[in-house]
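Notes for the structure review
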Amino acid sequence: MTTAAVLTAAGSGTRLGRAVPKALVELDGVPLVVRAALGLALARCLELVVVTVPPHEVRGFQALFPGGVVPGTRLAARIVPGGATRQASVAAGLAALPGDVDVVLVHDAARCLAPAALVRSVEAAVRQGHRAVVPALPVTDTIKAVGPADSSGAEPVTATMDRGALRAVQTPQGFDRTLLEAAHAAGAARAADEAVAASDDAGLVEALGEPVWVVPGHERAMKITTPRDIALAHLLVADTAT
Ligand code: CTP
Ligand code: MG
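Numbers given for residues are sequential positions, taken from 1 along each chain in its written order. Here chains are named by letter from A upward and ligands by number from 1 upward, in the order in which they appear as written. Whole-chain, interface and lining totals are the exception, using all residues; otherwise, since this is a predicted model, local features are given only for residues with pLDDT of at least 70 and side-chain atom pairs are given and counted only at 80 or more.

**Things to note about the overall build of the chain**
Secondary structure elements follow DSSP: runs of H or I no shorter than four residues count as helices, runs of E no shorter than two count as strands, and numbering proceeds from the N terminus. A count of helical and extended segments in the chain gives 7 helices and 12 strands. A compact globule built from 242 residues would reach a C-alpha radius of gyration of about 18 Å, and the chain, at 18 Å, matches this within 12%. By principal-axis analysis of the C-alpha atoms, the chain measures approximately 60 × 40 × 35 Å. Taking all 242 residues of the chain together, the buried fraction comes to 39%. This radius of gyration counts C-alpha atoms alone. The globule rule is 2.2 Å times how many residues there are, raised to the power 0.38. Here a residue counts as buried when 20 or more other C-beta atoms sit within 10 Å of its C-beta, as exposed when there are 12 or fewer, and as partly exposed otherwise, the C-beta atoms being derived from the backbone.

Here's what the structure looks like:
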């Protein structure tokens, strides 16, 4: 029985606003997708990483994984075309997994600094019997729910959340493969109905009524979304002590 990862890298990076897909953007000379794959490889608990990429960029991404491995490691890497949404990309990655894989980690290339220790802790929690596991951090902002804006654009507050009970969720998220496949099958049927896709795989498991478990996340597993995040990622790369 083996563990594999689906590394989602098929997004365009609209909010980052670069000319190339976000996963190809370099941080200190290393593309985000390669950095993310290295974090997975260094965890030493995976047999394979399936990378979902923009369909018109398959060859460009293949060139980043010479010999079909994560550079400098022995972890096998397979490049597959992703879909129009993150959910569809994960589904495409799942479809490319070999039969002996029983645990799947789903990771965003955009969270390229997630430490190997975090990958290991998520994988270990799944192996210990938690069939759906997400890393998450406590939130530091006060979070309020709002209603529809008035004519000036101001939104009325409808509730203030209990911050102590809130967590900001990261990746890699880990799953029993059978459960994740069932969650995606049900999610695909709903997405076709409602034209909405999930931004998070654990959400699809929750929709099945199955439990999802939280383990401690890590600040380096932050997602690179905007130019400000790239600046922060540069600081984190420079600070090897964290
Ligand atoms: N992703 C994917 N397939 C898609 C959309 C997103 O594999 N159709 C991946 C992205 O490559 C990223 C992760 O899902 O690693 C999280 O998505 P996000 O941060 O939203 O990245 P983008 O969709 O590329 O960015 P944006 O929404 O700003 O365009
Ligand atoms: Mg997106």
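**Focus: the UniProt feature "site: Transition state stabilizer" (unreviewed entry) in the chain**
UniProt marks Arg15 and Lys22 with the feature "site: Transition state stabilizer" (unreviewed entry), using the numbering shown here. Within the secondary structure, Arg15 sits in the loop between β1 (2-8) and β2 (26-27). Those residues in contact with Arg15, other than ones at most four positions away along the chain, are Thr225 and Thr226. Relative to the elements of secondary structure, Lys22 occurs in the loop between β1 and β2. Using a count of 26 C-beta atoms within 10 Å as the deciding quantity, one classes Lys22 as buried. Not counting the four nearest positions on each side in its chain, Lys22 is found in contact with Gly11, Gly13, Leu16, Leu32 and Ala110. UniProt positions are given in the numbering used here, feature names are shortened, and annotations may be inferred rather than shown by experiment. C-beta atoms are first placed from the backbone for all residues, and any pair lying within 7 Å is then listed as a contact.

**Comments concerning helix α1 (residues 32-42)**
Judged by how many residues are buried, α1 sits mostly within the fold: 9 of 11 residues are covered. Three or more residues of α1 are buried, namely Leu32, Val33, Val34, Arg35, Ala36, Ala37, Gly39, Leu40 and Ala41. Directly beyond the C-terminal end of α1, a positive phi value near 55° is found at Arg44.

**Digging into the nonpolar core**
Connectivity within a nonpolar core runs through C-beta atoms within 7 Å, and the core itself is a set of buried Ala, Val, Leu, Ile, Met, Phe, Trp, Tyr and Cys residues. By size, the foremost hydrophobic cluster in this structure holds 63 residues, and its most contacted members are Leu7, Val33, Ala37, Leu40, Val49 and Val51. It is α1 that provides the largest number of residues to this core, a total of 7 residues. Not counting chain neighbours up to four residues away, the residues in contact with Val33 comprise Leu7, Ala9, Ala23, Leu24, Val51, Phe61, Leu64 and Ala109.

**Re the UniProt feature "site: Positions MEP for the nucleophilic attack" (unreviewed entry) in the chain**
Following the UniProt record, one finds the feature "site: Positions MEP for the nucleophilic attack" (unreviewed entry) at Arg163 and Lys223. Note on placement: Arg163 falls in the loop between β9 (157-160) and β10 (167-169). Overall, the presence of 12 C-beta atoms within 10 Å leaves Arg163 in the exposed class. Setting aside residues no more than four positions away along its own chain, Arg163 makes contact with Val139, Thr142 and Ile143. With respect to the helices, strands and loops of the structure, Lys223 is situated in the loop between β12 (213-216) and α7 (227-238).

**Structural notes on helix α4 (residues 116-127)**
One less than the number of residues in a helix, times 1.5 Å, gives the span that helix is expected to have. If you check α4, its first and last C-alpha atoms are 16 Å apart, about what 12 residues at 1.5 Å a residue would give, namely 16 Å. Residues of α4 that are buried make contact with β1, α1, β6 (101-108), β7 (132-138), β11 (173-176) and β12.

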